[in-house]
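The chain contents come next:
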Amino acid sequence: MATDKQQKWNATRIPDQTGRTAVVTGANSGIGLRAAQALAEAGAHVVFAVRDPERGEAAARTVNGSTEVRRLDLADLSSVREFAAGWDRPLDLLINNAGVMMVPQQRTADGFEMQFGTNHLGHFALTNLLLPHVTDRVVTVSSGAHRWGDQRIDFDDLNRTSAYDPRGVYGQSKLANLLFVLELQRRLTESGSGVRALAAHPGYSATNLQSHAASAAARAFMKLGNRFLAQDDRAGALPTLYAATQELPGASYVGPDGLGEMRGAPTLVGRSAAASDPAVARRLWTVSEELTGTRFPQGVQTPQGAQTRAT
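Residues numbered from 1 in each chain as written. Predicted model: local features only at pLDDT ≥ 70, side-chain atom pairs only at ≥ 80, totals over all residues. Heavy atoms only, no water.

A. Seen up close, the overall build of the protein. Within the protein one finds nine helices and ten strands. Looking at the 311 residues of the protein, the share that counts as buried comes to 58%. The long-range fraction of contacts in the protein, counting pairs at least 24 apart against all pairs at least 6 apart in sequence, stands at 71%. Of the roughly 13400 Å² that the protein leaves accessible, carbon and sulfur atoms contribute 50%. (Helix = DSSP H or I, 4+ residues; strand = E, 2+ residues; numbered from the N terminus. Buried < 20%, exposed > 50% of the residue type's maximum accessible area, 1.4 Å probe, protein only. Contact = heavy atoms within 4.5 Å. Areas by Shrake-Rupley, 256 points an atom, 1.4 Å probe, with all protein chains shown as cover.)

B. View of the side chain of Asp76. Checked against the element boundaries, Asp76 lands in the loop between strand E3 (66–71) and helix H4 (77–85). An unpaired buried charge is present at Asp76: no salt bridge exists, and Arg71, the closest side chain of opposite charge, is 5.5 Å distant. Not counting residues within four places of it along the chain, the set of residues in contact with Asp76 comprises Ala109 and Asp110. (Lys, Arg positive; Asp, Glu negative; His and termini not counted. Salt bridge = Lys/Arg side-chain N within 4 Å of Asp/Glu carboxyl O.)

C. Structural context of the packing of aromatic side chains. Going through the model one piece at a time under the given rule, you end up with seven aromatic pairs. Ring geometry for Phe83 and Trp87: centres 6.3 Å apart, planes at 20°, overall stacked. Just as Phe83 is buried, Trp87 falls in that class too. Here a set of aromatic residues connected by ring pairs shows up, and it is made of Phe124, Phe180, Trp285 and Phe296. (Phe/Tyr/Trp six-rings, centres within 6.5 Å; stacked < 30°, edge-to-face > 60°.)

D. A look at the environment of Val63. Relative to the elements of secondary structure, Val63 occurs in the loop between helix H3 (53–60) and E3. Sequence spacing of Val63 and Glu41 is 22 residues, and the spatial spacing of their C-alpha atoms is 7.6 Å. When near neighbours in sequence (up to four residues on either side) are disregarded, Val63 contacts Leu33, Gln37, Ala40 and Phe48.

E. Highlighting the sheet that holds strand E1 (residues 21–25). One open sheet holds the eight strands; their spatial order is E3-E2-E1-E4-E5-E6-E7-E8, and the pairing between them is mixed. What marks the edges here is a single partner per strand, and that holds for E3 and strand E8 (266–268). Taking the axes of each pair of neighbouring strands and ignoring which way they run, one obtains an average angle of 25° across the sheet. Both strand E7 (residues 253–256) and E8 contribute to a ladder of three bridges, which runs antiparallel. Bridging across to E8, Pro256 finds its partner in Pro266. (Pairing = 2+ DSSP bridges. Axes fitted to C-alpha atoms, helices over the stretch in contact; angles between N-to-C directions.)

F. Examining the confidence of the model for the protein more closely. Residues at a pLDDT of 70 or more form 86% of the protein, whose mean pLDDT is 90. Low pLDDT, under 50, characterises residues 1–5; the stretch is placed with two contacts to residues that sit more than four places away or in other chains. Predicted confidence for residues 218–228 stays below pLDDT 50, and this span has 19 contacts to residues more than four positions away or in other chains. (pLDDT = per-residue confidence, 0-100.)

G. Region of the structure containing the packing of helix H6 (residues 166–191) against helix H9 (residues 278–292). The N-to-C vectors of H6 and H9 enclose an angle of 95°; their axes lie 8 Å apart at closest approach. Considered as vectors, H6 and H9 are oriented roughly perpendicular to each other. Counted together, Ala176, Leu179, Phe180, Leu182, Glu183, Leu184, Arg186 and Arg187 of H6 and Pro278, Val280, Ala281, Arg282, Leu284, Trp285 and Glu289 of H9 form the full contact between these two elements. Here the contact of H6 with H9 is composed, by residue class, of ten nonpolar, no polar and five charged. (Parallel < 35°, antiparallel > 145°, perpendicular 65-115°, else oblique. Nonpolar A, V, L, I, M, F, W, Y, C, P; charged D, E, K, R; others polar.)

H. Molecular detail of the pairing of strand E2 (residues 45–50). Most of E2 sits out of view: six of its six residues are buried. With burial as the criterion, each face of E2 is covered, one bearing His45, Val47 and Ala49 and the other bearing Val46, Phe48 and Val50. Where E1 meets E2, five bridges bridge the pair, whose relative direction is parallel. Along E2, the bridge assignment pairs Val23 with Val47. For the segment spanning E1, helix H2 (residues 30–41) and E2, crossover handedness is right-handed. Relative to E3, E2 runs parallel, the two sharing six bridges. Bridge pairing in E3 places Ala49 opposite Arg70. Between the parallel pair E2 and E3, the chain is carried across by H3, and the sense of this crossover is right-handed. (Right-handed = clockwise from strand over helix to strand, strands pointing away.)

I. Quick look at the pattern of salt bridges. A full pass over the atoms with the stated rule returns 14 salt bridges. A salt bridge links Arg34 to Asp233; the nearest nitrogen and oxygen atoms lie 3.0 Å apart. Taken together, the residues Arg34 in helix H2 and Asp233 in helix H8 (residues 233–245) connect sequence positions 199 residues apart. Assessed through its relative accessible area of 21%, Arg34 is described here as partly exposed. Classification of Asp233 by relative accessible area gives buried; the value is 15%. Across the pair Arg186 and Glu190 runs a salt bridge whose closest N-O atoms are separated by 3.3 Å. Taken together, the residues span about one helical turn, with Arg186 and Glu190 both in helix H6 at a distance of four residues. On the accessibility criterion, Arg186 (25% relative accessible area) is partly exposed. Accessibility expressed as a relative area gives 52% for Glu190, which makes it exposed. Sharing partners across several salt bridges, the network here consists of Arg20, Asp136, Arg137, Arg196 and Glu247.

Rendered as structure tokens:
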């Protein structure tokens with residue numbers, strides 16, 4: 001009889017990915033690298049979409065499989081547009097993984113608050129620009145941080161021109177990720193597309209993401225947490241890989257199955273009421289279109305792979 005551990009889903013159960021192409025943002029380290037490694041080892045051609053191509057090349061050399069590296073800076077919309085303009089072939093899988101966490105107050109190249117601008121707006125623009133090429137699914141990495149406090153989207157001050165709370169702003173950006181997935185799936189369904197939008201979160205995973213927190217106390221606390229409480233980045237990548245390769249409904253959200261969704265095998269998980277509000281999701285989409293100058297595309301993939309015009 002199989003043990004519970006043997007029955008738990010892991011990367012060895014990824015279906016054959018031969019012939020498929022995946023773009024993974026932030027694939028040079030952490031769960032992005034682990035997801036890229038697993039997909040490439042399963043046969044996919046994986047594009048490392050990274051801010052620093054030299055680091056990306058070094059990471060790609062650790063992968064056993066087909067890879068390439070392309071520059072993408074999500075904190076600069078001109079870089080996002082350049083990346084998308086250079087894409088000219090079908091794309092089976094887009095994994096919106098890259099992000100920043102609890103950093104000191106900064107601005108993107110376009111003047112947006114850094115966490116909201118990178119984690120949400122950069123991926124929002126990238127997805128819309130690449131969507132005419134996407135044939136299967138878009139997976140966006142969110143976080144349990146979307147539940148921190150009474151988390152809401154502050155439409156009156158998205159760029160935090162007033163008080164700046166790194167923790168709260170990070171949580172808002174992760175809430176925005178989930179609302180983006182919700183509205184993206186609605187639009188895909190309405191257009192008759194077979195492309196699916198899904199979300200995942202890694203639980204508490206030890207990566208270098210936590211090392212850039214604005215507060216020295218927060219950095220020290222998370223260093224201890226990474227050492228004694230967190231699961232490793234390979235385990236943290238499993239929800240992303242599960243969302244990327246398993247037959248799941250659109251708008252599904254995947255996370256660890258352990259206590260508090262901190263660690264464990266991937267499973268479908270719930271989200272906050274604020275992350276499930278379709279009216280807020282539509283409002284955020286409209287605002288994001290205005291801020292990025294990108295729109296839901298005219299041509300998206302149908303279940304048969306042909307393009308259809310979307311409204």
